[in-house]
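Inside the fold
If you want the building blocks of each chain, they are given just below.
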Amino acid sequence: MKMWIALALLAICALQANASPSGGNKAKFNEIEHAPLAKEESNGNRLAHSESLSYRLVGGCTAAQGRVEVFFDGQWGSVCDDGFDTDEALVVCRSCGYGMVNAVRPEAFFGEGDSNSPIWLDDVDCRGDESEISDCAHLKLGDHNCGHWEDVGVECSD
């Protein structure tokens, strides 16, 4: 089943690439780090970070979608989908400089994180008005009862 989802995502990405008005390859799989309030680096990538955490969306067809990943303690790790809904996705999208939430994608919709990478956040609980995901209630960083098949993804509006 997951293979069919991955194939469907590839097909959608290919269609989006062919539909791009500039003819450019907008459909490359996303691995862009993002920033609160759309702070941009000189290369155009957006970075989101707090004192100790950085965030990115990985594996989507556009920069506004993908698996939610957190950088902590020198490595990227994923976020578990337990309890992750529109409020949490809104915080992620807003902190990455995007508008609203188009969709929450549970069960590793954008692919599973690397099996050697940690799952940094679980049981994230936001009100929806937080500046970034680390401001939301959650289990201690690295504590979880998930596998990478539960990595959460989001689709944000541009």
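Located above this text is the structure these notes cover.
Residues numbered from 1 in each chain as written. Predicted model: local features only at pLDDT ≥ 70, side-chain atom pairs only at ≥ 80, totals over all residues. Heavy atoms only, no water.

1. Describing helix H2 (residues 86-95)
Note the cut-off: Buried, partly exposed and exposed residues are distinguished by accessible area as a fraction of the type maximum, computed with a 1.4 Å probe on protein chains only: under 20%, between the cut-offs, and over 50%, respectively. Helix and strand definitions follow DSSP, with helices as H or I runs of at least four residues and strands as E runs of at least two, each counted in order from the N terminus. What qualifies as a polar contact is a pair of N or O atoms within 3.5 Å, subject to a donor-acceptor requirement within protein and to the restriction that residues adjacent in sequence count only when both atoms come from side chains.
Most of H2 sits out of view: 7 of its 10 residues are buried. Buried within H2 are the following residues: Glu88, Ala89, Leu90, Val91, Val92, Cys93 and Ser95. One side-chain oxygen of the residue at the start of H2 lies 3.1 Å from the amide nitrogen of Asp87, identifying that residue as Asp85. Immediately downstream of H2, the backbone of Gly97 shows phi near 90°, a positive value.

2. Remarks on the environment of Asp158
Worth spelling out the cut-off: Note on definitions: a residue-residue contact is assigned when non-hydrogen atoms from the two residues lie within 4.5 Å.
Tracing the sequence through the fold places Asp158 in the segment after strand S8 (153-156). Expressed as a C-alpha distance, the spacing of Asp158 and Tyr98, which sit 60 residues apart in the sequence, is 5.5 Å. Apart from the residues lying within four places of it in its own chain, the contact partners of Asp158 are Ala64 and Tyr98.

3. A few points about the state of the cysteines
Applicable threshold: In plain terms, two cysteine sulfur atoms within 2.5 Å form what is called a disulfide here.
On inspection of all chains with the given rule, the structure shows 3 disulfides. There is a disulfide in this structure between Cys80 and Cys146, and the S-S distance comes to 1.8 Å. Measuring the twist about the S-S bond at about -85°, one finds the Cys80-Cys146 disulfide to be left-handed. Of the two residues, Cys80 is situated in the loop between strand S5 (75-79) and H2 and Cys146 in the loop between strand S7 (119-121) and S8; the sequence distance between them amounts to 66 residues.

4. Describing the side chain of Glu132
Here is the rule we go by: Asp and Glu count as negative and Lys and Arg as positive, but His and the ends of the chain are not part of the count. We define a salt bridge as a side-chain nitrogen of Lys or Arg found within 4 Å of a carboxyl oxygen belonging to Asp or Glu.
Mapped onto the elements of the fold, Glu132 is located in the loop between S7 and S8. In this structure, Glu132 is buried with no salt-bridge partner, the nearest side chain bearing the opposite charge being Arg94 at 10 Å. Within the structure, Glu132 has its side chain in polar contact with the side chain of Tyr55 (distance 3.2 Å).

5. Details of the pattern of salt bridges
Taken as a whole, this structure holds 5 salt bridges when the rule is applied. Residue Arg67 pairs with Glu69 through a salt bridge whose shortest N-O separation is 3.0 Å. When its relative accessible area of 10% is taken as the criterion, Arg67 is described as buried. Overall, the relative accessible area of 6% leaves Glu69 in the buried class. Connected through salt bridges with shared partners, the residues Arg56, Arg67 and Glu69 form a single ionic network.

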